[in-house]
Amino acid sequence: MIRRASLVLVGALMGATAMSVIYSAGVPAEAAGSSTYKELSIFGDVFERVRAQYVTPPAEDKLIENAINGMLSSLDPHSSYMNAKDAEDMRTQTKGEFGGLGIEVTMEDELVKVITPIDDTPAAKAGVLAGDYISEIDGQSVRGLKLEDAVEKMRGAVNTPIKLTLIRKGADKPIELTIVRDVVAVQAVKSRVEDDVGYLRIISFTEKTYPDMEKAIKKIKETVPADKLKGYVLDLRLNPGGLLDQAINVSDALLERGEVVSTRGRNPDETRRFNAGPGDLTDGKPVIVLINGGSASASEIVAGALQDLRRATVLGTRSFGKGSVQTIIPLGENGALRLTTALYYTPSGRSIQGTGITPDIKVDEPLPQELQGKMVTEGESSLRGHIKGQSETDEGSGSVAYVPPDPKDDVQLNYALDLLRGKKTDPAFPPNPDKAVVAK
């Protein structure tokens, strides 16, 4: 049923702002005018002056890298240069697996706190527990380190050892563990059964997303008989995006036909269209999609396709509004250029750049008292230098990106469950596929 798209990446897998990326071979650039080359010679003169006369000897490679990034960042927030390390990190994120320990962590009181060890990983097998604090990594204190720096130290080549010093509540002294790194697969889809409803949360769109989703739906079907299963909740909240082919495949998994998304570049012949094929993994069961201000790019492609084709009802608050596409162009020494080359459009022909996906049913998620006044609403429209969308207004895009940790407190999720069970009604649910909105 799945019609594979070319390898395309949409969305920032890490961070609050989203970006879109396409892997491609690139196209030859047109020659610049003579005046442009004169300006480039001035840049060369400035570089030589700085290199030779600055008060302290500068790192020449950093000068060039920063100059390139200065040029690209003047274009829009998502075009950038990736050095070899950044490019490798991106490849690791999109692959969905890495050499490491298998723990979800945060930073608390200048120490790395373990949120949870992932089942069947080196950390879990070695005895690392949720709530442990990592005070030292290979004998070096983590105090003063940024979280990403500490995470980088814990990742590494498979079959290499690492020593962690843990502080555990109730233990009379620090615990020292030596753990051997292994391949850790990042779970792209988490699922569970909410009595008579299947719940699917897509965390990010990596190479593992569609296979994980397929397995999750199969498990739900095995758990709940078809005549008892009321439908599915597809949770895309806090999902910053990922691989475009996975976004297309996830949409296709719930559709029988229709265009999923199109991308349009500067030239008309650069337009590409991606369509769904026959076969619905849910057997036509009702679907409700949850979105919020943390739903960006690939998430918005899925939500927009299912909304326009009237396959699902979208519930929550306005999404991030990231609708541009970046081409990844490999450069020397394994670096890469990430350059905005197109915008993507939903089946109805709308660009969500700077506007986001407006839910069919708006349901706000109340903030706990300790977060009130502390969470800023951000969207693509609030990013300095963003490309103004064709339908963008002063209202902009984005909304609060918050999901309660306990499902019992999750107002948006429980509203969706009540709709699927018939406890609540709304004209937008269930949607009518015969009234799909597509571009003419």
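For every chain, the first residue of the written sequence is number 1, and numbering continues from 1 along that sequence. Owing to the predicted nature of the model, reporting of local features is limited to residues with pLDDT of at least 70; listing and counting of side-chain atom pairs is limited to 80 or more, with chain, interface and lining totals taken over all residues. Water and hydrogen atoms were dropped before computing side-chain values, which therefore reflect all heavy atoms in the structure.

Time to look at the environment of G242. Of note, G242 is situated in strand β15 (residues 241–243). Here the term buried applies to any residue with accessible area under 20% of the maximum for its type, exposed to any over 50%, and partly exposed to those in between, with areas from a 1.4 Å probe on protein chains only. Of the residues examined, G242 reaches a relative accessible area of 0% and is grouped as buried. Taking the C-alpha atoms as reference points, G242 and T94, 148 residues apart in sequence, are found 6.7 Å from one another. We count a stretch as a helix when DSSP gives it H or I for four or more residues in a row; a strand needs E for two or more, and each element gets its number in order from the N terminus.

Every axis corresponds to a line fitted to the C-alpha atoms, with the helix fit spanning only the stretch in contact, and the corresponding angles, defined between N-to-C directions, vary from 0 to 180 degrees. For the pair helix α6 (residues 209–223) and helix α7 (residues 244–252), interaxial distance at closest approach is 9 Å and the crossing angle is 25 degrees. Here α7 runs roughly parallel to α6, going by the angle between their axes. Residues T209, Y210, P211 and M213 of α6 pack against Q246, N249 and V250 of α7. By residue class, the composition of the contact of α6 with α7 is four nonpolar, three polar and no charged. Roughly parallel means an angle under 35 degrees; roughly antiparallel means over 145; roughly perpendicular covers 65 to 115; every other angle is labelled oblique. The contact criterion used is simple: two residues touch if any of their non-hydrogen atoms lie within 4.5 Å. Each residue receives one of three labels: charged for Asp, Glu, Lys and Arg, nonpolar for Ala, Val, Leu, Ile, Met, Phe, Trp, Tyr, Cys and Pro, and polar for the others, Gly being one of them.

Further remarks concern the sheet that holds strand β19 (residues 313–316). Pairing is mixed across the open sheet formed by six strands, whose spatial order is β12-β13-β14-β18-β19-β22. Both outer strands of the open sheet, β12 (189–194) and β22 (361–362), are each paired with one neighbouring strand and no more. At least two bridges found by DSSP between two strands is the condition for calling them paired.

This next bit is on the domain arrangement of the chain. You'll often see interface size given as the accessible area lost when the parts meet. For the domain bounds, the source is a domain assignment made automatically or taken from a database. Under the domain assignment used here, the chain contains domain 1 (97–185) and domain 2 (189–434). Of note, the centres of domain 1 and domain 2, computed from C-alpha atoms alone, are 32 Å apart.

Residue P430 is reached from F429 by a cis peptide bond, and omega for that bond is -10 degrees. With phi around 65 degrees, E110 is a residue other than glycine that occupies positive phi space. Relative to the assigned elements, E110 resides in the loop between β5 (103–108) and β6 (111–117). In this structure, L238 takes a positive phi of about 65 degrees despite not being glycine. Tracing the backbone through its elements, the reader meets L238 in the loop between β14 (231–235) and β15.

Time to look at the UniProt feature "domain: PDZ" (unreviewed entry) in the chain. UniProt positions are given in the numbering used here, feature names are shortened, and annotations may be inferred rather than shown by experiment. According to UniProt, the positions carrying the feature "domain: PDZ" (unreviewed entry) are residues 87–157. Helix makes up 31% of residues 87–157 and strand makes up 34%, while its end C-alpha atoms are separated by 17 Å.

This paragraph deals with the nonpolar core. Counting residues in hydrophobic clusters, the biggest one holds 44 residues, and the most contacted among them are L234, L236 and V289. When contributions to this core are tallied by element, the ones reaching two or more residues are β13 (197–202), α6, β14, α7, β16 (259–265), β18 (287–291), α8 (298–308) and β21 (336–345). Tallying contributions element by element places α8 first for this core, with six residues. Contact partners of V289, with chain neighbours within four places excluded, come to L234, L236, A303, L306, A312, T313, V314 and L315. By nonpolar core is meant a set of buried Ala, Val, Leu, Ile, Met, Phe, Trp, Tyr and Cys residues that side-chain atoms within 4.5 Å join together. If you look at the next biggest cluster of nonpolar residues, it comprises 18 residues, including A123, M154, L166 and L177.

Our next topic: helix α9 (residues 411–420). Most of α9 sits inside the fold, with seven of its 10 residues counted as buried. Within α9 the residues assigned to the buried category are Q412, L413, A416, L417, D418, L419 and L420. On its buried face, α9 sits against β12, β13, β14, β18, β19 and β22. In the analysis that follows, any N or O atom pair within 3.5 Å is treated as a polar contact, provided that within protein one partner can donate a hydrogen and the other can accept it, and provided that, for residues neighboring in sequence, both atoms belong to side chains. Where α9 begins, the capping side chain belongs to D410, and its oxygen is found 3.3 Å from the backbone nitrogen of Q412. Where α9 terminates, the next one or two residues include G422, which has phi positive at roughly 80 degrees.

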